[in-house]
Structures are given as structure tokens and as C-alpha cells.
Amino acid sequence: MDISRLQRICAVYASEGINGYPFSLALIRKALDAKLNVYALLFLHLRRDLPAAFKDNPRFITLECFDDADSFERIRERLAQQNITRDSMLFVDSLRVLIEQFSLPSTSWFLTQMAELSASVLALMHGSEDDEDWRGIESIATTVFELMPRDKLILCRTATKKKNGTAEVKLEQYSIEEDYSLTFSPVNFDRNRTVDGPGENALPPTGSVGPTAALGALPFDLGLNLSEEERNAKARVPLPYLDAQTEKGLVGLNISSNKKVWVGGRILYMPDKEDDFDESDPDDDLTV
């Protein structure tokens, strides 16, 4: 992964039971190797608990923010004292703390403000798979790393948004070495069927996808556990509303009386003999 491609807001989300802190440190390691200055805002962790490789690196600057967690203004003042440049990364070790303290909208605003100070903001969040707060953070992030368990593996779904509204999505396995070097490898099993069969473990789409899929859209029949024969039968069911979108389809549905009709949105008005069209100005007696 080219760390220079991470721009603006990058969010790491660890599903329940997964520790996303080592993954975040691995991304920070890549930033340090790329000669970026990293400013870590610690709301949940202590500097003394960081690995020595980070504490001893002069480009890794920590700001323990436990006493400032009740005021975004104080946090901004501390950042202003650091002379942060555009060739740096800001790291927030717990979005959950900020959301619980300030609310989701305020935290989102804070992240966008921080993104104006540096090349990128890396923020870590833990929660369940159906976390509404995460969906809010995901909507403002440029790149998301979603760590999820599947079939005794921990996978990383990486979604990078493009300017045209689509996103490039990859699903990979990852490994973190003792020195926090991070490597990715392809997922080596059927995307649509896992060892437990299709359903809850079905994987999200990858490649260049639209905004809905980029947010992790799941199949409509999630959890039905259909057999191959049942899925084929379901796919063959005709959907009349699709035919109604075309002129030929309307004819087939006996809606158009076998005549050409206008396909698409249109308002048709047939005048009635009782209609009273008064062309005079009802306000002509008013003086302005």
C-alpha cells in the first residue's frame, strides 16, 4: 500500500472482538517510513504503552489528550502549537471516546477541520457490525479500512472514494509482523459461499462500485440460506414493474390499449366542461 495515496480522512473500523490498534500502528509505521511526521492524539492510550520503535522516533509526536477530551478548542490550541505542515499525518486513537463525549456530528466536524491541517487524518474506531455511528464516519471518510472476521480469518475491506462518487473496494487478508510491518494478500476462498454456506458470511462487493455498494451494501436475501436451485428459481421470477418502464412492456400489460404511449414522468390534464377559466387578474384592484 502506498501511504501517500491516503488523503484527508482515513478511518479504521474494527468489528466487535477485533483489536484495530495494531493495524493503525502498522499504517503509522508506513507513514513514518515515508518520512511523514505523525501527530498522535491519545484519548485512550498512554505514550508509555507505545512500542519503543514509535516512542523513539523523532517524527512521531504524541499528545495525551485525556484532560482535553471535554473541549475541541483546547485540542485545536495544542495542535496549533505544533506547527503542523501538509507533509504530516494526524492520528486519533479512539473516535468512540469523542463521539460519546461530543456527539457524532461534532466529531465529524472536528475530523474535517483536522483534515485541513495535514495531508491526512487517521482515526480508529471500535464497534459492532451494525454500528450507526460508524456509518456516519464512513460517509465523510475518503478511505476506510474495515476489519471483519470471516471463516476464522480477519479480513480488511478497503474502500477508497473517487471524485465521481464511486469507490474502489478491495477485500484482502492482512498480517502484521512484530515490527509492525503490514502486508496484504488475496482472499483465497469463494466470495459468495463460505464454509458455513451463503448467508451471513457473504462478502461485500469489490472492484469499482457505486456509492451504495461502497458503503457495504449486502444482498437482499441475506440470511435466507438458499440452495443453488432456489436461487436460480428466484432469479427467474418475472418482475412486472420492470416491464412497465418501457412502451413495449406497457402494451404487454394491457395498460396502453395497444397504442403508443409516453414512457416516463408526465402529467396529463383533460379539461372538463365545468372548468371555469377566468383570465382576469384577481388582484387588479390592489394598489401596491
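On a predicted model such as this, the values are computed, not experimentally measured, just so you know.

Thoughts on the pattern of salt bridges
(1) Moving on: What the rule picks out here adds up to nine salt bridges.
(2) Moving on: Across the pair Arg29 and Asp33 runs a salt bridge whose closest N-O atoms are separated by 2.7 Å. With Arg29 and Asp33 both in helix α1 (residues 21-33) and four residues apart, this pair spans about one turn of that helix.
(3) Moving on: Across the pair Arg135 and Glu138 runs a salt bridge whose closest N-O atoms are separated by 2.6 Å. Highlighted residues: Arg135 and Glu138, both in helix α6 (residues 132-140), separated by three residues, approximately one helical turn.
(4) Moving on: Taking relative accessible area as the criterion, Glu138 reaches 1% and is therefore assigned buried.
(5) Moving on: Through salt bridges with shared partners, one network takes in Arg135, Glu138, Glu146 and Arg157.

Considerations on the nonpolar core
(1) Moving on: With 32 residues, the main nonpolar core has Leu41, Val92, Leu95, Leu98, Leu111, Met114 and Ile137 as its most contacted residues.
(2) Moving on: When near neighbours in sequence (up to four residues on either side) are disregarded, Met114 contacts Leu41, Leu79, Leu90, Val92 and Val121.

Some words on the packing of aromatic side chains
Centre-to-centre distance and the angle between the planes together describe a pair of aromatic rings.
(1) Moving on: Tallied over the entire structure, the rule returns eight aromatic pairs.
(2) Moving on: Geometrically, the ring pair formed by Phe54 and Tyr180 is edge-to-face, given 5.5 Å between the ring centres and 80 degrees between the ring planes. In this pair, Phe54 sits in helix α2 (residues 52-55) while Tyr180 sits in the loop between β8 (167-176) and β9 (182-186), placing the two residues 126 residues apart along the sequence. Here the two residues Phe54 and Tyr180 agree in accessibility, since each one is buried.
(3) Moving on: Relative to Phe110, the ring of Phe72 lies with its centre 4.3 Å away and its plane at 10 degrees, an arrangement referred to as stacked. Taken as a pair, Phe72 in helix α3 (residues 72-80) and Phe110 in helix α5 (residues 104-115) lie far apart in primary sequence, 38 residues in all.
(4) Moving on: Of the residues examined, Phe72 reaches a relative accessible area of 9% and is grouped as buried.
(5) Moving on: Residue classification places Phe110 among the buried positions, given a relative accessible area of 0%.
(6) Moving on: A network of ring pairs unites the aromatic residues Phe23, Phe145, Tyr174 and Phe184 as a single cluster.

Here we look at the environment of Ala119
(1) Moving on: Residue position: Ala119 is located in the loop between α5 and β5 (120-126).
(2) Moving on: Ala119 sits 111 residues away from Arg8 along the chain, and the two C-alpha atoms are 6.1 Å apart.

Topic: the environment of Pro149
(1) Moving on: Tracing the chain through its elements places Pro149 in strand β6 (residues 143-150).
(2) Moving on: Using a relative accessible area of 35% as the deciding quantity, one classes Pro149 as partly exposed.
(3) Moving on: Between the C-alpha atoms of Pro149 and Ser15, which are 134 residues apart in sequence, the distance is 7.7 Å.

Quick look at the pairing of β8
(1) Moving on: Pairing analysis gives seven bridges linking strand β7 (residues 153-161) to β8, with the strands arranged antiparallel. Across the sheet, the residue bridging to Cys156 is Glu172, located in β8.
(2) Moving on: Linking two consecutive strands that pair antiparallel, namely β7 and β8, is a turn of five residues; a positive phi of about 95 degrees is found at Gly165 within it.
(3) Moving on: Pairing of β8 with β9, which is carried by five bridges, proceeds in the antiparallel orientation. Across the sheet, residue Tyr174 finds its bridge partner in β9, namely Phe184.

Describing unusual backbone geometry
(1) Moving on: For Lys35, which is not a glycine, the phi torsion comes out positive at approximately 70 degrees.
(2) Moving on: Its place among the elements puts Lys35 in the loop between α1 and β2 (37-42).
(3) Moving on: Even without glycine at this site, Ser103 takes up a positive phi of about 95 degrees.
(4) Moving on: Here Ser103 shows up in the loop between α4 (95-102) and α5.
(5) Moving on: According to the relative accessible area criterion, Ser103 is partly exposed, its value standing at 29%.

Definitions and cut-offs
Counting starts from 1 at the beginning of each chain's written sequence and moves along it residue by residue. A pLDDT threshold of at least 70 governs which residues receive local features in this predicted model, and a stricter bar of 80 or more applies before side-chain atom pairs are shown or counted, although totals over entire chains, interfaces and linings include all residues. For side-chain calculations, the full set of non-hydrogen atoms in the structure is used, while hydrogens and water are omitted. For this analysis, a salt bridge means a side-chain nitrogen from Lys or Arg found within 4 Å of a carboxyl oxygen belonging to Asp or Glu. Secondary structure follows DSSP: runs of H or I at least 4 residues long count as helices, runs of E at least 2 residues long count as strands, and numbering of each begins at the N terminus. Residue exposure (1.4 Å probe, protein chains only): buried if accessible area is under 20% of the type maximum, exposed if over 50%, otherwise partly exposed. Working definition of a nonpolar core: buried Ala, Val, Leu, Ile, Met, Phe, Trp, Tyr and Cys residues. They are joined through side-chain atoms within 4.5 Å. For this analysis, residues touch if any pair of their heavy atoms sits within 4.5 Å. For Phe, Tyr and Trp, rings pair up if their centres lie within 6.5 Å, where Trp contributes its six-membered ring, and each pair is then called stacked (planes under 30 degrees apart), edge-to-face (over 60) or tilted (otherwise). Here a strand pair is declared whenever DSSP counts at least two bridges between the two strands.

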